[in-house]
Amino acid sequence: MTGFGARLIIMAGRLCAWLVICVPVAVVGVIAFAAMEVRDRPADISYAAPVAMTITIAALSAGVGAMLGATFAFISEEFGWPWFARVARLIVAGLRGLPPVVLGGLGWMIIIPRTFGLPGTHAAPPAWQAVLMAVTVLTVMLIAPAFGATMHALHRIPAITREAAVAAGATRPLIATAVLLPLVARTLWAAMALGFARAAGEATAVTLIFLALAFDQRPLGAVVIGTSLHGVAAFASNETLVLLGQASAAGLVLIAFGFASVSAANRFDRNIVWV
Amino acid sequence: MGVNVDLASISLTDGLSVTLSAVGLALPVTMLVALLAALSVAARASGAAGPLVRSAGRSGRAAPPVVTGCAIAVVALLMGATNVAVIAAVAMAAATLPGATSALVEIFSSIEARQRLYAALAAGASPQYVALIVHLRASLRSVIAVALRTAARMGVDSGVLVVALVGAGSAERAAASAPSSLDLTSLPFAAGQFFAAAVAPASHEVLLRAAMLVVLVLVLHGAARLLEGEPYRSSVAR
């Protein structure tokens, strides 16, 4: 490669690297700008209930989802049942293929079964059903990444650890629970933290579920989309930036949750594989 | 732009051309930028940006797609941008760029990639040659797998698209000084599916569209797995 060509490639690479850094910074900057634009205007949305609901739903689904994913990974990897390993991987691959909007649609049909085929004939179910369904849907969404994170953590453990335990006469269940589980515990905590960030920021599935109730106190992600949809439906165009500004304020709270969770996850396990 | 949808007019082909246009626009740009950035980081030619790129990838998990969509909506509204495909493409690219770059950096920084790097350097190759030829040729299947997964995420991420298109719709309304009605045929597939599900979840057409989304993701992930191989090495036989 010529010197000029190499320099050109290196310069393009550096520019692209800075572009990658600038994208999240620009996103935060723009929503901070939009939120500041409406700072003197009284908020049409009370954020206390959405924040409390977001924390509740995200924490429950992150905890349950991470535990289920880790359990699947442990049983399929460490208990010596090849058939179970194959079934678990098939299930996880299937879960990975479900987009959140489809999960939200399924949740809608479950909490309002009569909606399916009979539109407009249902009575609104109680709010706890929507919260329970949102937790269930987000739990299902988090099983696949938690499974992958636990599998990669198990593969990072040196083979000599298992060999030493086998040489000492430990059985597979004992190795899994007494040797390997403590070694991947930090990864499990990191998976829970990242699961919390993803669950708190998931908007489409939760919006669909809470739209089924026409329930005002929606979680934050649903507030962001719901407010923007309100902007779509509103006729006064000069109000749109105000509505987007309020959605941006909710977005800033979501980002704060996200950064706190990702920082916690980095403290627990910086090398976690989370996809 | 009122949510004024005539469900009888929904068809499975609605939004596909916009989706293909937007993904066709966003995916090459995203992958090219991500590839150059990741190669630059792997070859340690990016200077101070190297550690920041890794941090940006991790921080990408902190900014939910719906918030990225919100930022794009604000920009579209302020700039008066009304082209749905372009706005969708920008939103898709902004939402997936840090994650795709982070995945590529992990691939190019793996133990195997580092061994290839040192072997090539020992053979007298320049770092740039290593980055461009050795890394890229050896990791081509993994790079294509990342591109397929990125395409899957772009095609079905409704949150970012819905909110981003609010900006385009509002700009259009502001330009026309009159409310316009939402036309599902001009919305990307996932966003159209979201609106259709919100308006009439009982529609069988919506269920079919949802099934198509699932099939799309499964096909793209399946193709990525075929290229990349089994992601979880089994230790059952140990």
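Residues numbered from 1 in each chain as written. Chains lettered and ligands numbered in written order. Predicted model: local features only at pLDDT ≥ 70, side-chain atom pairs only at ≥ 80, totals over all residues.

A look at the overall build of chain A
Thought 1: Across its full length, chain A carries 10 helices and 0 strands.
Thought 2: Going from N to C terminus, chain A has its helices and strands arranged as α-α-α-α-α-α-α-α-α-α.
Thought 3: The contacts of chain A with a sequence gap of at least 6 include a subset with a gap of at least 24, amounting to 78%. (Helix = DSSP H or I, 4+ residues; strand = E, 2+ residues; numbered from the N terminus. Contact = placed C-beta atoms within 7 Å.)

With respect to the environment of Ile 111 of chain B
Residue and element names in this part refer to chain B.
Thought 1: Inspection of the secondary structure assignment puts Ile 111 in helix H5 (residues 111-122).
Thought 2: A count of 7 C-beta atoms within 10 Å places Ile 111 in the exposed class.
Thought 3: Between the C-alpha atom of Ile 111 and that of Leu 218, which follows or precedes it by 107 residues, the distance is 29 Å. (Buried ≥ 20, exposed ≤ 12 C-beta atoms within 10 Å, placed from the backbone.)

Re the nonpolar core
Thought 1: Core analysis: the largest hydrophobic core is formed by 172 residues, its most contacted members being Ile 209 of chain A together with Ala 88 of chain B.
Thought 2: Among the elements that line this core, the one with the most residues is helix H4 (residues 84-108) of chain B, at 18 residues.
Thought 3: Leaving out residues up to four positions away in the same chain, Ala 88 of chain B has contacts with Val 18, Ala 22, Leu 161, Ala 164, Leu 165 and Pro 188 of chain B. (Core = buried A, V, L, I, M, F, W, Y, C linked by C-beta atoms within 7 Å.)

Digging into the interface of chain B and chain A
Thought 1: Listed per partner, the contact involves 71 residues of chain B and 69 residues of chain A.
Thought 2: Elements supplying a minimum of two residues to the side of chain B that touches chain A: helix H1 (16-42), helix H2 (49-59), helix H3 (65-79), H4, helix H6 (127-138), helix H8 (158-176), helix H9 (189-199) and helix H10 (204-228) of chain B.
Thought 3: Among the residues forming the side of chain B that touches chain A, the class breakdown is 48 nonpolar, 18 polar and 5 charged. (Nonpolar A, V, L, I, M, F, W, Y, C, P; charged D, E, K, R; others polar.)

Quick word on the environment of Glu 112 of chain B
Thought 1: Among the secondary structure elements, Glu 112 of chain B is positioned in helix H5.
Thought 2: Taking C-alpha positions, Glu 112 of chain B is 19 Å from Thr 101 of chain B, a pair spaced 11 residues apart along the chain.

Notes on helix H2 (residues 48-78) of chain A
Thought 1: Its 31 residues give H2 of chain A an end-to-end C-alpha distance of 44 Å, which sits within 8% of 45 Å, the value for a rise of 1.5 Å per residue.
Thought 2: The positive-phi residue at the C-terminal boundary of H2 of chain A is Gly 80 of chain A, with phi of around 70°. (Expected span 1.5 Å × (residues − 1).)

Let's talk about the confidence of the model for chain B
Residues and elements named next belong to chain B.
Thought 1: Averaged over chain B, the pLDDT score is 81; the fraction of residues at 70 or greater is 86%.
Thought 2: Note that residues 234-238 has pLDDT below 50 and, in this model, 6 contacts with residues that lie over four places away or in other chains.
Thought 3: Prediction confidence for the complex, expressed as pTM and ipTM, is 0.87 and 0.87 respectively. (pLDDT = per-residue confidence, 0-100.)

Observations regarding the environment of Val 18 of chain B
Residue and element names in this part refer to chain B.
Thought 1: Its location among the elements puts Val 18 in helix H1.
Thought 2: Assessed through the 21 C-beta atoms surrounding it within 10 Å, Val 18 is described here as buried.
Thought 3: Remark: the alpha-carbon pair of Val 18 and Ala 88, spanning 70 residues in sequence, is separated by 8.7 Å.
Thought 4: With sequence-adjacent residues up to four places away left out, Val 18 is seen in contact with Val 84, Ala 85, Ala 88, Ser 186, Leu 187 and Pro 188.

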